[in-house]
Amino acid sequence: MSFPKGFLWGGATAANQYEGGYLSGGKGPAVADALTGGDGRNGIPRRFICELADGTRKEFGGRDEIPAGAKAIIDPDVYYPSHVATDFYHHWEEDLELMAEMGCNVNRLSINWTRIFPNGDDAEPNEEGIQFYINVFKKCQELGIEPLVTIYHFDCPLHLANEYDGWVSRHTLEAFERYCDVLFTRFKGLVHYWLTINEININTNFMMNGVHEHVSNKQNAEQCRYHLFLGSAYAVKKGHEVDPENKIGLMIAHGGSYPWSCDPEDVWAELDTAHHFKWFYGDVQVRGYYPAWKVLELEREGIEIAKEPGDDELLREGTVDFYSFSYYSTDVCAAHPEEHGATDGNMHRSIANPYLKQTEWGWTIDPLGLRISLNQIWDRYQIPVMIVENGFGAIDVREEDGSVHDQGRIDYMRTHIKVMKDTVELDGVDLMGYTPWGWIDVVSAGTGEMRKRYGFVYVDMDDDGNGDLSRSRKDSFYYMQKVYKSNGEDLD
Ligand code: BGP
């Protein structure tokens, strides 16, 4: 036996990329709703249209620094992919039935903060928004699917971003805490698995957290991180208080990494990158305090984080039950990166690995890297681990008869699941489950495109908003169904 009985098999999505229903049922705008589409393969970024402090308008790339005082606006003449996305808001019953048909027993989805609190900090929650999710969770229950709910996935309320500098401000943290209170009390008994902050480690800019001046002002970036950690710890503590049955995990963009060579300078470059990119975030959320090297670094840089009494205790009390992460590709680190060619990755760029192939978007394909990553995480933390994103972003063609022949995706899934099996069977890693990314086609977070598809279910929608949103099963749907229904035994 490899995968244990009750292993969680499913799929993952995020409200800002999937749900649509922009402003429907009392929802308010989030930062993601102010982001245009882009073109990843031709280097055209997603954009924010902003009104600057002096009243003029200017556009910024989604990951660029937004100056202090600038407010992102939503221009009625511009197309914004999140507004309809792939319309889970109106297709939820059909989609959940498809999930069940595929053999899923878990559904990772996120709650849109602005569907619960339209401005993020309103006096009362929006009952219609709460009811929408109650309906979804009840349907999951009927179908034998456990929801795995991401509390916050790239959707800072636009009001908090524009008026309060997003997560730099304690006001946003307090609003988030009230949002958590509502989720845990109102969804008690319907949801047992939670993730606090999606990819907490790539989260300091305006696009993710409503932060202005995230590069030039290091204080802002560190204060934002600190508030995110407190938000995550609060969620864990509150979630356990409301229902001790709740299992609450962190979520990190894992990004495995290798040194370019055995030159100790390259090996150090890799360790230093890994510390900054991922281990810092795992250490704080699993151990409950900042690691020594980070404390010293902040001191050296003259950054003094604004704290309040009780914060240290909260960090220690709010450590997570399990470690979850996204895994798409691996990076290469070198002491002199400029000497080697670069390629793209999940929200960042890296050196290209000469031993590995890449997707059309330049993300390396590295199944064995997943085994290495799982072992590293397990060795370091010894708490259950879950892969909550993994997948193959590619262009798909829907034939006239509705079929989609996505052999590349099947190969990607097979090789990665095979490695998971080895990790459980041979390495003894306590792996809880697997929710591949975008089990149904959704808008790309990084590029805003529809053509970069991950789904096992195709949705008729293109980059400009044309399409009837009808769903069709790809070849990979039937492959995953076979894998899931055999509890990961039948991988051929
Ligand atoms: C992660 C996000 C997801 C998802 C995925 C794929 O960063 O958590 O929201 O989108 O990456 O990335 P992309 O959509 O840019 O291909």
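Data block above holds the structure.
Reference entry: report on the structure contained in this document.

Basis of the calculations
- Residues numbered from 1 in each chain as written.
- Predicted model: local features only at pLDDT ≥ 70, side-chain atom pairs only at ≥ 80, totals over all residues.
- Heavy atoms only, no water.
- Helix = DSSP H or I, 4+ residues; strand = E, 2+ residues; numbered from the N terminus.
- Buried < 20%, exposed > 50% of the residue type's maximum accessible area, 1.4 Å probe, protein only.
- Contact = heavy atoms within 4.5 Å.
- Pairing = 2+ DSSP bridges.
- Near = heavy atom within 4 Å.
- Polar contact = N/O pair within 3.5 Å; in protein donor to acceptor, adjacent residues only side chain to side chain.
- Nonpolar A, V, L, I, M, F, W, Y, C, P; charged D, E, K, R; others polar.
- Axes fitted to C-alpha atoms, helices over the stretch in contact; angles between N-to-C directions.
- Parallel < 35°, antiparallel > 145°, perpendicular 65-115°, else oblique.
- Left-handed = near helix turned anticlockwise from the far one by under 90°.
- Core = buried A, V, L, I, M, F, W, Y, C linked by side-chain atoms within 4.5 Å.
- 1 Å grid on protein atoms, 1.4 Å probe; cavity = no way out; pocket = protein on both sides within 12 Å on 5 of 7 lines; lining within 4 Å.
- Points joined across faces, edges and corners; volume = space filled by probe spheres on them.
- Phe/Tyr/Trp six-rings, centres within 6.5 Å; stacked < 30°, edge-to-face > 60°.
- Lys NZ or Arg CZ within 6 Å of the ring centre and 35° of its normal.

With respect to the overall build of the protein chain
Phase 1 of the analysis: From N to C terminus, the protein chain includes 14 helices and 17 strands.
Phase 2 of the analysis: Taken over the C-alpha atoms alone, the protein chain extends approximately 55 × 55 × 50 Å along its principal axes.
Phase 3 of the analysis: When burial is assessed residue by residue, the protein chain has 62% of its 492 residues classed as buried.
Phase 4 of the analysis: Once local pairs closer than 6 in sequence are excluded, the contacts in the protein chain between residues at least 24 apart make up 74%.

Some details on the pairing of strand β11 (residues 330–333)
Working note: regular strand, side chains alternate between the two faces of the sheet.
Phase 1 of the analysis: With burial as the criterion, each face of β11 is covered, one bearing Thr330 and Val332 and the other bearing Asp331 and Cys333.
Phase 2 of the analysis: Across four bridges, strand β9 (residues 256–259) lies against β11 in parallel orientation. For Gly256, the partnering residue across the bridge sits in β11 and is Thr330.

Details of the environment of Cys50
Phase 1 of the analysis: Its place among the elements puts Cys50 in strand β2 (residues 47–51).
Phase 2 of the analysis: A relative accessible area of 0% places Cys50 in the buried class.
Phase 3 of the analysis: Sequence-distant contacts of Cys50, defined by excluding residues within four places in its chain, comprise Thr56, Arg57, Lys58, Phe60, Ile66, Ala70, Lys71 and Ala72.

Section: the environment of Ala269
Phase 1 of the analysis: Tracing the sequence through the fold places Ala269 in helix α9 (residues 264–287).
Phase 2 of the analysis: Note: C-alpha distance between Ala269 and Pro337 (68 residues apart in sequence) is 9.6 Å.
Phase 3 of the analysis: Contact partners of Ala269, with chain neighbours within four places excluded, come to Cys333, Ala334 and Ala335.

Comments concerning the site of the ligand
Phase 1 of the analysis: Residues in close proximity to the ligand total 16 residues, the closest being Glu199, Glu389, Ala445, Lys452 and Tyr454.
Phase 2 of the analysis: Between Ala445 and the ligand, the recorded distance is 2.7 Å, taken from a backbone N or O atom to an oxygen atom.
Phase 3 of the analysis: With respect to the ligand, the backbone of Gly446 contributes an N or O atom lying 2.8 Å from an oxygen atom.
Phase 4 of the analysis: Partitioning the shell around the ligand into residue classes produces seven nonpolar, six polar and three charged.

A few points about the sheet that holds strand β6 (residues 146–152)
Phase 1 of the analysis: What the eight strands build is a closed barrel, ordered β1-β5-β6-β7-β8-β10-β14-β15; its pairing is parallel. Ignoring strand direction, the axes of neighbouring strands in this sheet form an average angle of 30°.
Phase 2 of the analysis: Judged from the four bridges that link them, strand β10 (residues 322–326) and strand β14 (residues 385–389) form a sheet pairing that is parallel. Residue Ser326 lies in a different strand from β14, and its bridge partner there is Glu389.

Brief notes about the packing of α9 against helix α12 (residues 367–381)
Phase 1 of the analysis: Direction vectors running N to C along α9 and α12 enclose 40°, while the axes themselves pass 11 Å from each other. Taken as axis vectors, α9 and α12 run oblique relative to one another. The hand of the α9/α12 crossing is right-handed. Contacts between α9 and α12 involve His275, Trp279, Gly282, Asp283, Val286 and Arg287 from the former and Gln376, Ile377, Arg380 and Tyr381 from the latter.

Regarding the nonpolar core
The nonpolar side chains of a soluble globular protein tend to be buried with one another.
Phase 1 of the analysis: Counting 136 residues, the largest nonpolar core has Phe137, Trp167, Phe187, Tyr323, Ile417, Met420 and Tyr434 as its most contacted members.
Phase 2 of the analysis: Setting aside anything within four residues of it in sequence, one finds Tyr323 in contact with Leu250, Ile252, His254, Trp279, Gly282, Val286, Ile377, Tyr381, Ile383, Pro384, Val385 and Met386.
Phase 3 of the analysis: Core analysis: the next-biggest nonpolar cluster, separate from the first, contains nine residues, Leu148, Leu195, Met386 and Val388 among them.

Some details on the layout of surface pockets
To find leftover empty space, one rolls a probe the size of a water molecule over the atoms.
Phase 1 of the analysis: Size it by volume and the largest pocket reaches roughly 820 Å³.
Phase 2 of the analysis: Taken together, 32 residues make up the lining of the largest pocket; nearest its centre are Asn201, Ile202, Thr204, Arg225 and Phe277.

Here's the deal with the packing of aromatic side chains
Phase 1 of the analysis: Under the definition given, this model contains 37 aromatic pairs.
Phase 2 of the analysis: With a centroid separation of 4.7 Å and an interplanar angle of 40°, the aromatic rings of Tyr89 and Phe132 are classed as tilted. Note that Tyr89 is positioned in helix α2 (residues 88–102) and Phe132 in helix α4 (residues 127–143), a separation of 43 residues in sequence.
Phase 3 of the analysis: Counting every residue linked through ring pairs, the aromatic cluster contains Tyr18, Phe88, Tyr89, Trp92, Phe132, Tyr133, Phe137 and Phe187.
Phase 4 of the analysis: Across from the ring centre of Phe477, 5.7 Å away, lies the NZ or CZ of Arg473, which sits over that ring.

By themselves, these are just geometric observations and shouldn't be taken as functional.
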